[in-house]
Amino acid sequence: MGTPAWLYYLFGLLMLAVSGYSVTLLVFSVTGRHHFGRDVDIAHICMGVSMAGMFVARWAFGPSAAWEFIFAALLIWFVVRSLKSIQRFGLHKPHEAIHAAMSFAMLLMYLYPVGATSRVSGTMSMAMARGGAKLDPGLGFILAVTFFASAVFTLASPVKGVSHHGSHAFAYATTVAVGATGSADAWSGSPQHDSPHVGGLEGVVTTPWLEDASHVVMCFAMGFMLILML
Amino acid sequence: MTIGEAAERRFPTVADRGMATPRTGPTRDLQRTLQLILATIWLLDAVLQIQPFMFTPGSSGFSGMLKGLAPGNPSWVAHTITWNGSVIYHQPVLTNTLFALVQFVIGFGIVWNKSLKPALALSIVWALGVWWFGEGSGGVFHGAATPFGGGPGGVLFYAILAVLLWPSDGSIRPFVAARTVGLTAARAIWVGIWSLLALLSVIGSGRSPRALHDLVAGMDHGQPGWLAHIDRVSESFFLHHGTPAAVLLAIVCVIVAAGVFLPPQGAQVTLVLAIAVFAVIWVAVQNFGGILAGGATDPNSGPLVIVLALMYWPLTTSEAGPVGPGSNGNRIVKEV
């Protein structure tokens, strides 16, 4: 007997929910011509769908090589964006770094799935397992702790939506500006993007705390998966 | 004022580039940052609690691990541990799910300001319960509570951190731990902790080369190659220099205990010493609490002692006077 199957189904469903939510965000982003956070939406869609397949084997699809290619491409994208951010704004922790780390973790999960398959049975099988080397537990542990810390500090941040749009986005700038002249907390719960006048369904879906919540769920699922791979 | 005007006032380049310079929002105060680090550790514990082996009954599971802690303790202590192990043995999924939920509640509770105090209170109760029922009282009752192995019990440090990180609007000078309990009490707690660690280093099996060797040897199964290599070095070192190492650790603990009374620069030196020593112990002796071998429930005492040390790091503020109510404690803090 190991981890009960319902736990894996729960994580699988959460991953699908994050994916579905990110698809919605992406649709609103395209139709509303908002430009910030599209790359994060795409990354969350891919991560959510692929991780759902890791938690529940029956939900897995697509060849491993295709997923490896996707996450390698996302990793390169976010690393380049991080470097460009540093080049533009000087030495700081770029917002894209955590998404690069998440893409890197996903890539590792496909490259070194043996850890999970050797210790986990039943519902969760890592369908794409093909044997080979095991992920170094030290690296997996560091990444897992990084994701848990990202989740905690994202939830505690008085400025919502940064996990999605970054600290350089116009929305973030306006939030900080309002915080400097009024109350950041008061503003942080309301919808805001590069276009602050968003209402209706889009306003609800693009609520910054909801965007942060999707990041937090993704961080936890990924951290859990890495712990399982130790 | 519109949002755009506010942004332009703070970031003149925003309107031109659609981007802001990388300035951060309100400065998070150091006590809050340490609370969030504690929350991260609690959530790590919660996730470790839902590893497959935790739900497995029998000697290879969580209940078997707990029962293994009972031998050596006085019978009245051992009985409570085996009783707990039996409950988990019969209901592994229910009990383990409950344990994980409690830790998730504590971790997330610390994150939100409104639930911070109840979460810290729960963490104190939970930590004391786990120390007794789940850690065999840290080996204190049978003389095996050496700080090398996490004595007097890694989980006790969660309770200490919760007390010292209890939210308060007071000044964080001269260090974070003094904000809640006051300078005198904070110093007394510090001296008490490090004196206990010094004592535990040299009593019982704590100074036995064989016991220290076995402590590491018992951890190295299933560790990655690089850590197993470090373990072999540690085992050999303890076998040949176990007693001097224990005495040296006791001396270090006494120096660190006294450091809280030194001027800021001197205190910083002793804190760096404490952090460095426990970082080495965490890696080379505690093996990250055994997490990398896939059979741990917590990261052991190493990171918690380091967080504790950071709470005593001497600080000064760029603003005069204490933080007032409603300020959220947000203030720029710089080192001395």
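In this text, all values refer to a predicted model and were calculated from it rather than measured experimentally. (Residues numbered from 1 in each chain as written. Chains lettered and ligands numbered in written order. Predicted model: local features only at pLDDT ≥ 70, side-chain atom pairs only at ≥ 80, totals over all residues.)

So, on to the overall build of chain B. Along the backbone of chain B there are 14 helices and 2 strands. Here chain B holds 336 residues, and 46% of them are scored as buried. Look at the contacts in chain B between residues 6 or more apart in sequence, and 67% of them connect residues 24 or more apart. (Helix = DSSP H or I, 4+ residues; strand = E, 2+ residues; numbered from the N terminus. Buried ≥ 20, exposed ≤ 12 C-beta atoms within 10 Å, placed from the backbone. Contact = placed C-beta atoms within 7 Å.)

Turning our attention to the packing of helix H13 (residues 264–284) of chain B against helix H14 (residues 302–310) of chain B. All names here are of chain B. Relative to each other, H13 and H14 sit at 170°, their axes nearing to 8 Å. Here H13 is positioned roughly antiparallel relative to H14, judged by the angle of their axes. The residues of H14 that touch H13, namely those facing Leu271, Ala274, Ile275, Phe278, Ala279, Ile281 and Trp282, are Gly302, Pro303, Val305, Ile306 and Ala309. (Axes fitted to C-alpha atoms, helices over the stretch in contact; angles between N-to-C directions. Parallel < 35°, antiparallel > 145°, perpendicular 65-115°, else oblique.)

Here the focus is unusual backbone geometry. All names here are of chain B. With an omega of 5°, the peptide bond running from Gly151 to Pro152 counts as cis. One can find Pro152 in the loop between helix H7 (116–133) and helix H8 (154–164). For Ser137, which is not glycine, the phi torsion reads 55° and is therefore positive. Here Ser137 is to be found in the loop between H7 and H8. Exposure remark for Ser137: the 22 C-beta atoms within 10 Å place this residue in the buried category.

A few words on helix H3 (residues 30–49) of chain B. In a regular helix each residue adds 1.5 Å, so 20 residues correspond to 28 Å; H3 of chain B covers 29 Å between its end C-alpha atoms and thus fits that length. In terms of residue burial, H3 of chain B counts as a mostly covered element, since 17 of its 20 residues are buried. (Expected span 1.5 Å × (residues − 1).)

A word on the packing of H3 of chain B against H14 of chain B. Residue and element names in this part refer to chain B. As a packed pair, H3 and H14 sit with axes 11 Å apart at the nearest point and diverge in direction by 170°. By the angle between their axes, H3 is roughly antiparallel relative to H14. Of the residues in H14, those touching H3 at Leu34, Ile37, Leu38 and Ile41 are Pro303, Val307 and Leu310. Per-class residue counts for the contact of H3 with H14 are 7 nonpolar, no polar and no charged. (Nonpolar A, V, L, I, M, F, W, Y, C, P; charged D, E, K, R; others polar.)

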